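Observations on the three-dimensional arrangement
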Amino acid sequence: MPETSGTSRTVALLIALGALLYTAWVLELLLATGLDPVRAYVSELSAADQPFGGLFRATDLAAGLLVLAGAAVALPVPPRRPWSLAGWTALAVFGLATAVDSRLPLSCAPTDDPECAALETAGLVPATHTAHAVSSSLAMAGALTGMVALTVAARRYRRWPLLGRAGPVLVVLELAATVWTLTAVAAFEAGRGIWWLGAGQRLQVLIVAGWLAVLALSVAREGGSRPGEGRPGTRGTV
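Residues numbered from 1 in each chain as written. Predicted model: local features only at pLDDT ≥ 70, side-chain atom pairs only at ≥ 80, totals over all residues. Heavy atoms only, no water.

This part takes up helix α4 (residues 114–121). Near the N-terminus of α4, the side chain that reaches the backbone nitrogen of Glu 115, with its oxygen 3.0 Å away, is that of Asp 113. In the stretch just after α4, Gly 123 is the one whose phi turns positive, near 75 degrees. (Polar contact = N/O pair within 3.5 Å; in protein donor to acceptor, adjacent residues only side chain to side chain. Helix = DSSP H or I, 4+ residues; strand = E, 2+ residues; numbered from the N terminus.)

Shown next as structure tokens:
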């Protein structure tokens, strides 16, 4: 089925490009950002007062739109099985929230600037700080839900062998990195130190990007099967 195969390639390309741009923060290793990657939030690279904020906001916007587009292309293709539908919908939420997140940058970098941290604690920063926290949380919730749902789909529908093998490991690692990040955020906001917040969050987003890359490769390998659904005649067909 050439048309369906072409759709699979389109989905795979969009997701792969989104994964690549979602790791654009590694450019901090080459650029003089002035932020400590072990301490700083990834989103602080995109803060309005940072020298390369525009670059990182642009890559986040592109990454989000690419993943959203990939999920949007995959979603309408029948038959729509529950785990696949849930997974692609969650990835669409992740992509949209990531794109919105890039339009709601922090005004300053609280882990690097004590004055910024004090203003944030006092609630004197722009409303974009709260909006950014909401969109970031929504993006990560979408990513986690998509990772779990599409990994389950790969195994339940006997689809995407690579994702079926690697997905569970990546999901477990992502959950561990998320717990680390949330614990470090809570400690920082309570004034109890950084707890390697930046390292934990970078691991968190790196695993998401790695999982997206595995998904893209799996979809690209599916040949004539429909993107996002199991092969006809296999277990789990709705």
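On to the environment of Glu 189, then. When you line up the elements, Glu 189 lands in helix α6 (residues 161–189). In this structure, the C-alpha to C-alpha distance between Glu 189 and Thr 121, residues 68 residues apart in sequence, is 7.8 Å.

Looking now at the packing of aromatic side chains. Two numbers describe a pair of aromatic rings. These are the distance of the centres and the angle of the planes. Within this structure, the stated rule accounts for three aromatic pairs. Between Tyr 41 and Phe 188, the ring centres sit 6.3 Å apart and the planes meet at 80 degrees, which makes this aromatic pair edge-to-face. Within this pair, whereas Tyr 41 is found in the loop between α1 (2–22) and α2 (53–74), its partner Phe 188 is found in helix α6, the two being separated by 147 residues in sequence. Just as Tyr 41 is buried, Phe 188 falls in that class too. Here Trp 88 and Trp 160 contribute two aromatic rings whose centre-to-centre distance is 6.3 Å and whose plane-to-plane angle is 90 degrees, an arrangement assigned as edge-to-face. Of the two residues, Trp 88 sits in helix α3 (residues 82–102) while Trp 160 sits in the loop between α5 (128–156) and α6, which places them 72 residues apart along the sequence. Given a relative accessible area of 0%, Trp 88 falls into the buried group. (Phe/Tyr/Trp six-rings, centres within 6.5 Å; stacked < 30°, edge-to-face > 60°. Buried < 20%, exposed > 50% of the residue type's maximum accessible area, 1.4 Å probe, protein only.)

Ranked by size, the top nonpolar core spans 43 residues in total, and within it Trp 88, Leu 91, Trp 211, Leu 212 and Leu 215 carry the most contacts. Contributing elements (two or more residues each) for this core: α1, α2, α3, α5, α6 and α7 (197–220). No other element matches α7, which puts ten residues into this core. Counting six residues, the second-largest nonpolar core is a separate cluster that includes Tyr 41, Ala 184, Phe 188 and Leu 197. (Core = buried A, V, L, I, M, F, W, Y, C linked by side-chain atoms within 4.5 Å.)

The subject of this paragraph is the packing of α3 against α5. For any two helices packed against each other, one specifies the crossing angle of their axes together with the interaxial distance. Here α3 crosses α5 at 155 degrees, and the two axes come no closer than 7 Å. One finds that α3 runs roughly antiparallel with respect to α5. In this structure, α3 meets α5 at a crossing whose hand is left-handed. (Axes fitted to C-alpha atoms, helices over the stretch in contact; angles between N-to-C directions. Parallel < 35°, antiparallel > 145°, perpendicular 65-115°, else oblique. Left-handed = near helix turned anticlockwise from the far one by under 90°.)

Its location among the elements puts Asp 60 in helix α2. Filtering out sequence-adjacent residues up to four positions away, Asp 60 remains in contact with Ser 46, Thr 98 and Ser 102. (Contact = heavy atoms within 4.5 Å.)

The next thing to look at is α2. Look at α2: 32 Å from first C-alpha to last across 22 residues, which is about the 32 Å you get at 1.5 Å a residue. Regarding α2, the residues found buried are Gly 53, Phe 56, Thr 59, Ala 63, Gly 64, Leu 66, Val 67, Gly 70, Ala 71 and Ala 74. (Expected span 1.5 Å × (residues − 1).)

Within the secondary structure layout, Glu 28 lies in the loop between α1 and α2. Here Arg 202 takes part through its side chain, which lies 2.7 Å from a polar atom of the side chain of Glu 28. Not counting chain neighbours up to four residues away, the residues in contact with Glu 28 comprise Thr 33, Pro 37, Leu 45, Phe 56 and Arg 202.

Moving on: unusual backbone geometry. A positive phi angle, near 55 degrees, is found at Trp 160, a position not held by glycine. For Trp 160, a relative accessible area of 1% translates into the label buried. For Trp 196, which is not a glycine, the phi torsion comes out positive at approximately 55 degrees. With respect to the helices and strands, Trp 196 occurs in the loop between α6 and α7.

What follows is about a nonpolar patch on the surface. On the surface, Val 26, Leu 27, Leu 29, Leu 30 and Leu 55 cluster together into a nonpolar patch covering about 480 Å² of accessible area. Relative to the helices and strands, Leu 27 is located in the loop between α1 and α2. (Patch = residues over 30% accessible without salt bridge, like charges linked within 9 Å, V, L, I, M, F, W, Y side chains within 5 Å. Areas by Shrake-Rupley, 256 points an atom, 1.4 Å probe, with all protein chains shown as cover. Salt bridge = Lys/Arg side-chain N within 4 Å of Asp/Glu carboxyl O.)

Right, let's talk about the pattern of salt bridges for a bit. Inspection of every chain in the model, using the stated rule, returns two salt bridges. Arg 202 is paired through a salt bridge with Glu 28; the nearest N and O atoms lie 2.7 Å apart. Of this pair, Arg 202 sits in helix α7 while Glu 28 sits in the loop between α1 and α2; the two residues are 174 residues apart in sequence, bridging distant segments of the chain. Neither residue differs from the other here; Arg 202 and Glu 28 are each classed as buried. Linking Arg 159 and Glu 222 is a salt bridge whose minimum nitrogen-to-oxygen distance equals 2.3 Å. Pair noted here: Arg 159 is in the loop between α5 and α6 and Glu 222 is in the segment after α7, with a separation of 63 residues, a long-range link.

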